[in-house]
Amino acid sequence: AQTVTQSQPEMSVQEAETVTLSCTYDTSESDYYLFWYKQPPSRQMILVIRQEAYKQQNATENRFSVNFQKAAKSFSLKISDSQLGDAAMYFCAYISNTDKLIFGTGTRLQVFP
Amino acid sequence: GAGVSQSPSNKVTEKGKDVELRCDPISGHTALYWYRQSLGQGLEFLIYFQGNSAPDKSGLPSDRFSAERTGGSVSTLTIQRTQQEDSAVYLCASSLSSSNQPQHFGDGTRLSIL
């Protein structure tokens with residue numbers, strides 16, 4: 001069965017600094033997608049970034065980038081130039097041909113001024 | 001509407017009552033998903049619809065849980081004879097199709113069972 005593990009329940013970063021959130025996963029599939037979602041206190045899950053497993057190039061979206069290591073089954077999220085609005089729960093998620101997202105337990109990110 | 005809409009936003013009910021949660025997906029999205037998020041936890045998959053049919057109901061916790069989707073649009077999740085362990089946030093998501101398209105989430109319904 002596929003699993004997603006986020007080993008950091010909480011992280012903190014100072015405004016304007018860089019922080020990396022870790023995620024590992026386990027699967028026997030070769031074709032799948034990985035996502036990072038952000039959940040602020042409003043509860044809505046907001047898609048931050050998406051990575052296709054068949055692409056070697058790491059995805060980037062403005063200040064957000066990933067380090068995708070397929071062999072190691074690792075998918076970390078790097079947030080550069082952190083802003084107060086980045087404070088939220090961050091969830092790593094996996095999907096393959098079963099069409100259901102499998103989520104990690106989340107990392108709570110605090111951003112200090 | 002522009003996004004996934006869920007109602008009610010919050011629901012408080014007594015143990016043993018039935019509840020209905022509603023999800024209105026983004027127009028044109030054929031795939032619809034229900035997830036449950038217990039306090040401090042990640043999201044747990046409940047059920048997935050492609051059009052009006054549910055290819056995967058594997059996540060429904062018990063036979064007290066059911067869901068339907070009509071007209072390929074609105075979906076309702078029904079919980080019968082609610083128990084305190086049903087207290088959670090129920091999130092709905094939709095996507096253009098299945099096959100790994102990004103899922104767009106609603107704000108969820110916070111269900112509290114007294």
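Before any of the text, the structure's been laid out above.
> I'd love a proper account of the overall build of chain A, names of residues and values included.
Helix and strand counts for chain A come out as 0 helices and 12 strands. Rg of the C-alpha trace for chain A: 13 Å, near the compact-globule value of 13 Å for 113 residues, within the 12% margin. In terms of principal-axis extent, the alpha carbons of chain A reach across some 40 × 25 × 20 Å. The 113 residues of chain A split such that 50% are buried. Across chain A, every contact between residues at least 6 apart in sequence was considered, and the portion connecting residues at least 24 apart equals 54%. In the structure as shown, chain A presents an accessible area of about 5500 Å², 44% of it carried by carbon and sulfur atoms. Within chain A, the 11 negative side-chain charges are centred at a point lying 3 Å from the centre of the 10 positive side-chain charges.

> Before we move on, can you summarise the state of the cysteines with the specific residues and values?
Residues and elements named next belong to chain B. One pass over the full model with this rule turns up 2 disulfides over all chains. Covalently, Cys23 is tied to Cys92 through a disulfide, its sulfur atoms 1.9 Å apart. Residues Cys23 and Cys92 share a disulfide whose torsion about the S-S bond is about -65°; that sign makes it left-handed. With Cys23 in strand β3 (residues 19–24) and Cys92 in strand β9 (residues 88–95), this pair connects stretches of sequence that are 69 residues apart. The buried category is assigned to Cys92, whose relative accessible area is 0%.

> I'd love a proper account of the nonpolar core, names of residues and values included.
For soluble globular proteins, the rule of thumb is that nonpolar side chains tend to be buried together. Counting 26 residues, the largest nonpolar core has Tyr25, Trp36, Phe75, Leu77 and Tyr90 of chain A as the members making the most contacts within it. Those elements giving two or more residues to this core turn out to be β3 (19–21), β5 (33–39), β6 (46–52), β8 (64–69), β9 (74–79), β10 (88–95) and β12 (107–112) of chain A. Broken down by element, the residue count for this core peaks at 4 residues, all from β10 of chain A. Judged by nonpolar contacts, the second largest core, of 20 residues, contains Tyr33 and Ala93 of chain A together with Leu43 and Phe105 of chain B.

> Could you give an account of the interface of chain A and chain B, with specific residues and numbers?
Think of interface size as the accessible area that goes away when the parts come together; that is how it is often given. Between chain A and chain B, the residue contacts involve 20 residues of the former and 27 residues of the latter. Summed over both sides, the interface between chain A and chain B buries roughly 1800 Å², with carbon and sulfur atoms accounting for 48% of that surface. Considering only the surface of chain A that becomes buried against chain B, Arg43, Asp99 and Lys100 of chain A emerge as the three largest contributors, covering 36% of it. Along the contact surface separating chain A from chain B lie 1 salt bridge. In this structure, the salt-bridge partner of Lys100 of chain A is Asp56 of chain B, at a minimum N-O distance of 3.7 Å. Inspection of the region where chain A meets chain B yields 8 residue pairs in polar contact (both at pLDDT 80 or more). Contributing elements (two or more residues each) for the side of chain A that touches chain B: β5, β6 and β10 of chain A.

> Can you lay out the sheet that holds strand β1 (residues 5–7) of chain B for me, pointing to particular residues and giving the numbers?
Each strand in a sheet pairs with its neighbour through backbone hydrogen bonds, running either in the same direction (parallel) or in the opposite one (antiparallel). All names here are of chain B. Read from one edge of the open sheet, 4 strands run β1-β3-β8-β7, paired in antiparallel fashion. Across the chains shown, the open sheet's two edge strands, defined by having one partner strand only, are β1 and β7 (65–69). Direction aside, neighbouring strands of the sheet carry axes that sit 15° apart on average. Pairing of β1 with β3 involves 3 bridges; the strand directions are antiparallel.

Rules used throughout
- Residues numbered from 1 in each chain as written.
- Chains lettered and ligands numbered in written order.
- Predicted model: local features only at pLDDT ≥ 70, side-chain atom pairs only at ≥ 80, totals over all residues.
- Heavy atoms only, no water.
- Helix = DSSP H or I, 4+ residues; strand = E, 2+ residues; numbered from the N terminus.
- Rg over C-alpha atoms; globule rule 2.2 N^0.38 Å.
- Buried < 20%, exposed > 50% of the residue type's maximum accessible area, 1.4 Å probe, protein only.
- Contact = heavy atoms within 4.5 Å.
- Areas by Shrake-Rupley, 256 points an atom, 1.4 Å probe, with all protein chains shown as cover.
- Lys, Arg positive; Asp, Glu negative; His and termini not counted.
- Charge placed at Lys NZ, Arg CZ, Asp CG, Glu CD.
- Disulfide = S-S within 2.5 Å.
- Core = buried A, V, L, I, M, F, W, Y, C linked by side-chain atoms within 4.5 Å.
- Buried area = accessible area lost by both parts, 1.4 Å probe.
- Salt bridge = Lys/Arg side-chain N within 4 Å of Asp/Glu carboxyl O.
- Polar contact = N/O pair within 3.5 Å; in protein donor to acceptor, adjacent residues only side chain to side chain.
- Pairing = 2+ DSSP bridges.
- Axes fitted to C-alpha atoms, helices over the stretch in contact; angles between N-to-C directions.

Function-wise, these values are silent; they only describe arrangement.
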